[in-house]
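# Survey of secondary and tertiary structure
Listed here are the chains, written in short residue letters.
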Amino acid sequence: MNLTFQADVNGQPKPVQMRFGDENDLAELRRWRSPARLQANPHVLDALEYARLASKRWAYYHRHGETVTSLPELHSAIQRHPRAEIAFMLIARASWQPDPKLLGLAYCRRSWCHRLIVDFVAVHPHVVGRLHERIRGIGTGLFHGLIQIADDLGIGMIWGEATANSASFYEKILGAESVLDQFHIHGETMNHCRRELARIHQHQP
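These notes cover the structure that comes with them. Just so it is clear, the model here is predicted, and its values are computed rather than measured. (Residues numbered from 1 in each chain as written. Predicted model: local features only at pLDDT ≥ 70, side-chain atom pairs only at ≥ 80, totals over all residues. Heavy atoms only, no water.)

## Observations concerning the pattern of salt bridges
Side-chain pairing between opposite charges can occur once the charged atoms of the two side chains come close. If you walk through the whole model with that rule in mind, you get 10 salt bridges. Across the salt bridge formed by R19 and D25, the nearest N and O atoms sit 2.9 Å from each other. According to the relative accessible area criterion, R19 is partly exposed, its value standing at 32%. Take D25: its relative accessible area is 1%, and that puts it in the buried class. Note that R109 and E85 form a salt bridge whose closest N and O atoms lie 3.3 Å from each other. Pair noted here: R109 is in strand β4 (residues 102-110) and E85 is in the loop between α3 (71-80) and β3 (86-94), with a separation of 24 residues, a long-range link. Given a relative accessible area of 29%, E85 falls into the partly exposed group. (Salt bridge = Lys/Arg side-chain N within 4 Å of Asp/Glu carboxyl O. Buried < 20%, exposed > 50% of the residue type's maximum accessible area, 1.4 Å probe, protein only. Helix = DSSP H or I, 4+ residues; strand = E, 2+ residues; numbered from the N terminus.)

Here it is as structure tokens:
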């Protein structure tokens, strides 16, 4: 499965590589900071909070042997324990940089009834606040990666909580008129996301 996608960086397409996160990524997440001038931005505050919470939650599940760091590991864990709850992080890194920066993450769980639960999605505060470059498409790319993972696992529903700050993002990527405190991706909504993913791949160089 190729989880690479294109982000818009200052108006130019640049490659972003997604992979499952591991312990080595936690230290970088914990180092996320923002300058004082961005700290009034509610989306920046959310990014910092979600990165901290995701790293703590992943570390907790990892101590109990309930995390995976690759798609084959996830398949194997489900085969061993079909009703197990299993946590993972999907990490997006800037492939165009010599030292690829961690640009975003989606912390998720595969539930006992074989659904994907999205607990936290965070994009680096410098990206959200447009501190150095204008980078767009990281959150959308992460969700398209989750769609591919769900399809690979035969999962028919992805769901999670939407906040007042994130509801409009979910409305956009899901093609929904209104998202309140929860979003559900299944049925026609899942098909909409698949079509968008196919359209984006078709136009990539």
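## Observations concerning the environment of Q79
With respect to the secondary-structure elements, Q79 resides in helix α3. Residue class for Q79 comes out exposed when judged on its relative accessible area of 64%. C-alpha separation for the pair Q79 and T163, spaced 84 residues apart in sequence, amounts to 34 Å.

Distances and angles like these do not, on their own, reveal function.
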